[in-house]
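These are the residues of each chain, in order.
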Amino acid sequence: MSDQRHAPTSRSKPPPAGEEEAGAVLKLGEFQDVDTLTLSEASLVINALMAKRRKDRKDRNETDALNQTLDYLDAFARFKAKENVEAVERLLGTHKELSKFERAQIGSLCCDTADECKTLIPSLADKISDEDLQELLDELEKLL
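Residues numbered from 1 in each chain as written. Predicted model: local features only at pLDDT ≥ 70, side-chain atom pairs only at ≥ 80, totals over all residues. Heavy atoms only, no water.

Asker: I keep staring at a negative patch on the surface and nothing clicks. Help me out?
Answerer: On the surface, Glu 97, Asp 112, Asp 115, Glu 116, Glu 131, Asp 132, Glu 135, Asp 138 and Glu 141 cluster together to form a negatively charged patch. Looking at the negative patch, the elements that each hand over two or more residues are helix 5 (114-120) and helix 6 (130-143). With 5 residues, helix 6 is the single largest residue contributor to the negative patch. Checked against the element boundaries, Asp 132 lands in helix 6. A relative accessible area of 42% means that Asp 132 is categorised as partly exposed. (Patch = residues over 30% accessible without salt bridge, like charges linked within 9 Å, V, L, I, M, F, W, Y side chains within 5 Å. Areas by Shrake-Rupley, 256 points an atom, 1.4 Å probe, with all protein chains shown as cover. Salt bridge = Lys/Arg side-chain N within 4 Å of Asp/Glu carboxyl O. Lys, Arg positive; Asp, Glu negative; His and termini not counted. Charge placed at Lys NZ, Arg CZ, Asp CG, Glu CD. Helix = DSSP H or I, 4+ residues; strand = E, 2+ residues; numbered from the N terminus. Buried < 20%, exposed > 50% of the residue type's maximum accessible area, 1.4 Å probe, protein only.)

Put into structure tokens, the structure is as follows:
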């Protein structure tokens, strides 16, 4: 019997194509100034589009990926009522010192404390005080 060594059956993961990073400094590349939706906003938009398609009997393009996305959004979108989603957007929009990406992350994550929020979104560290961030989080909590 021969004791040959075979080449590994898996490859190392290639590095990401872009230089995007959501760390202490946001490096979003071409997505830097793109409007960003919270999970709740995305849920509203996609559900409205799907309802219109069903009404117009154009629902032939519902794929597994789309249905899985809707399931995900239904599970993780914290704000369900349209009025609350709009109120969250208005509230977050008052914080111009934060990037669109950061505002969407705050609106999606719904952290309990400023410390938790800054841990999950490290780029907030020098942009907003803990007190102001906690006040924002408390206002979001009232909309749940």
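Asker: What is the right way to read helix 4 (residues 100-109) from this model?
Answerer: Within the span of helix 4, buried status applies to Glu 102, Arg 103, Ala 104, Ile 106, Gly 107 and Ser 108. Where helix 4 terminates, the next one or two residues include Cys 110, which has phi positive at roughly 50°.

Asker: Looking at this model, I keep getting lost on unusual backbone geometry. Mind explaining?
Answerer: Peptide bonds are trans in most cases, and residues, glycine excluded, mostly fall at negative phi. In this model, Cys 110 sits at a positive phi of 50°, which is unusual for a non-glycine residue. Checked against the element boundaries, Cys 110 lands in the loop between helix 4 and helix 5. Relative accessible area serves as the criterion here: at 9%, Cys 110 is assigned to the buried category.

Asker: How should I be thinking about the pattern of salt bridges in this particular structure?
Answerer: Pairs can form between side chains of opposite charge whenever their charged atoms are close. For the coordinates displayed, the defined rule picks out 6 salt bridges. Residue Asp 35 is joined to Lys 100 by a salt bridge in which the shortest nitrogen-to-oxygen separation is 2.9 Å. In this pair, Asp 35 sits in the loop between strand 2 (26-27) and helix 1 (39-55) while Lys 100 sits in helix 4, placing the two residues 65 residues apart along the sequence. A relative accessible area of 59% means that Asp 35 is categorised as exposed.

Asker: Would you explain the nonpolar core in this entry?
Answerer: Soluble, globular proteins show a tendency: their nonpolar side chains are buried together. Among the nonpolar cores identified, the biggest contains 17 residues, and Ile 106, Cys 117, Leu 124, Leu 133, Leu 137 and Leu 140 are the most heavily contacted of them. At the level of elements, helix 3 (82-93), helix 5 and helix 6 are the ones that each hand at least two residues to this core. Of all the elements, helix 6 adds the most residues to this core, at 4 residues. With sequence-adjacent residues up to four places away left out, Cys 117 is seen in contact with Ile 106, Cys 111, Leu 124, Leu 133 and Leu 137. (Core = buried A, V, L, I, M, F, W, Y, C linked by side-chain atoms within 4.5 Å. Contact = heavy atoms within 4.5 Å.)

Asker: When you look at the packing of aromatic side chains in this model, what are you seeing that I'm missing?
Answerer: To describe a pair of aromatic rings, one takes the distance between the centres and the angle between the planes. Enumeration according to the criterion identifies 1 aromatic pair in this entry. For the pair Tyr 72 and Phe 76, a centre-to-centre distance of 4.8 Å together with 45° between the ring planes defines the contact as tilted. Of the two residues, Tyr 72 and Phe 76 both sit in helix 2 (residues 64-76), 4 residues apart, roughly one turn of that helix. (Phe/Tyr/Trp six-rings, centres within 6.5 Å; stacked < 30°, edge-to-face > 60°.)

Asker: How should I be thinking about helix 2 in this particular structure?
Answerer: Every α-helix carries 3.6 residues per turn, so stepping three or four residues along brings you back to the same face. For helix 2, which comprises 13 residues, the first-to-last C-alpha distance of 18 Å matches the rise-based estimate of 18 Å (1.5 Å per residue) to within 8%. Within helix 2 the residues assigned to the buried category are Leu 66, Leu 70 and Leu 73. Around the axis of helix 2, the buried residues are gathered within 65° of arc, so they sit on the same side. Projecting away from the buried face of helix 2 at angles above 90 degrees are the exposed residues Asp 64, Gln 68, Asp 71 and Ala 75. Buried positions along helix 2 lie against helix 1. (Expected span 1.5 Å × (residues − 1). Arc of directions from axis to C-beta.)

Asker: I keep staring at empty space enclosed by the protein and nothing clicks. Help me out?
Answerer: Space left empty within the atom packing is revealed by a probe, the size of a water molecule, rolled over the atoms. Considering all chains together, one arrives at 1 cavity of 30 Å³ or more under this definition. The volume enclosed by the largest cavity comes to roughly 30 Å³. Forming the walls of the largest cavity are Cys 110, Cys 111, Leu 137, Leu 140, Glu 141 and Leu 144. Looking at the lining of the largest cavity, its residues break down into 5 nonpolar, no polar and 1 charged. (1 Å grid on protein atoms, 1.4 Å probe; cavity = no way out; pocket = protein on both sides within 12 Å on 5 of 7 lines; lining within 4 Å. Points joined across faces, edges and corners; volume = space filled by probe spheres on them. Nonpolar A, V, L, I, M, F, W, Y, C, P; charged D, E, K, R; others polar.)

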